[in-house]
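Listed here are the chains, written in short residue letters.
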Amino acid sequence: MLTFHIRRQTPADAAAIEPLLDRCFGPERRQRTVYRLRDGIRPVPELCFAAVDDSDQLLASLQFWPIRIEATPAILLGPLAVEPKMRNQGLGRALVRHGINEARRNGHRLCVVSGPPDYYRPYGFVPAVPRGLVMPGPLEPERLQVLELVPGALDGVRGLIQRDERDAGAGDADAATRQARA
Ligand SMILES: CC(C)(COP(=O)(O)OP(=O)(O)OC[C@H]1O[C@@H](n2cnc3c(N)ncnc32)[C@H](O)[C@@H]1OP(=O)(O)O)[C@@H](O)C(=O)NCCC(=O)NCCS
């Protein structure tokens, strides 16, 4: 059975994370709509996680980014990336569960994800488009999902999902990854 543990990312992890993201999503990942929400913005420092083996080798990565839904602060889950050879052993699910728990513990209220609905439904994510959330740019609508980290957090919240510029200035999304603080 695979043994791993989850720890916060450090700046030193960037050298392994960027190639992992390229392997998982392809280099064209930077053209994806979600990257427009991340570009030049730092990930949420306390919500950047690495799943590592006993030798501290990176097996999987999960980050969250600050966004807004109109004026309401929220977080964007992803990218979630599991080393191709290590898939279907529970790494992705462990990271998502840990990340959502930590997001709640840190007082975040709403979480958005663009990803396979079958994968995220078990955590309580629901389709976001029927609830009036709008993603800026091309996206398969069924992939856009939202989770209330606090019951009722979505009440009265609808509209455009936007970049959260409050902590902008990190350069591109890769630079932001490098600057993820431990
Ligand atoms: C999707 C991904 C994160 C899953 O991670 P993983 O560690 O292999 O998954 P886990 O072992 O935790 O979970 C396996 C379960 O997820 C399901 N699953 C895996 N990929 C899936 C997908 N794309 N859509 C729906 N379900 C998926 C499996 O069928 C399995 O289901 P089961 O528990 O009912 O048997 C991983 O395949 C990956 O990195 N893919 C490339 C990048 C990506 O697509 N990221 C997610 C988009 S946000």
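From a predicted model like this one, the values you see are computed outputs, not experimental measurements.

(A) Structural context of the overall build of the chain. When helices and strands are tallied, the chain shows 5 helices and 9 strands. Across the chain, helices and strands are ordered from the amino to the carboxyl terminus as β-α-α-β-β-β-α-β-α-β-β-β-β-α. Here the C-alpha atoms of the chain give a radius of gyration of 15 Å, agreeing with the 16 Å that 2.2 N^0.38 yields for 182 residues. Along the longest, intermediate and shortest principal axes, the C-alpha atoms of the chain span 45 × 35 × 30 Å. In the chain, which comprises 182 residues, the proportion classed as buried is 35%.

(B) Representation of the site of the ligand. Near the ligand, the surroundings consist of 17 residues, among which Arg-87, Gly-92, Arg-93, Gly-115 and Pro-116 are the closest. Put simply, the parts of the chain that give the shell around the ligand at least two residues each are helix H1 (14-25), strand S4 (72-82), helix H3 (91-105) and helix H4 (117-120). Sort the elements by how many residues they give to the shell around the ligand and S4 lands first, with 4 residues. Residue composition of the shell around the ligand, grouped by class: 8 nonpolar, 6 polar and 3 charged.

Criteria and cut-off values
Residues numbered from 1 in each chain as written. Predicted model: local features only at pLDDT ≥ 70, side-chain atom pairs only at ≥ 80, totals over all residues. Helix = DSSP H or I, 4+ residues; strand = E, 2+ residues; numbered from the N terminus. Rg over C-alpha atoms; globule rule 2.2 N^0.38 Å. Buried ≥ 20, exposed ≤ 12 C-beta atoms within 10 Å, placed from the backbone. Near = placed C-beta within 6 Å. Nonpolar A, V, L, I, M, F, W, Y, C, P; charged D, E, K, R; others polar.

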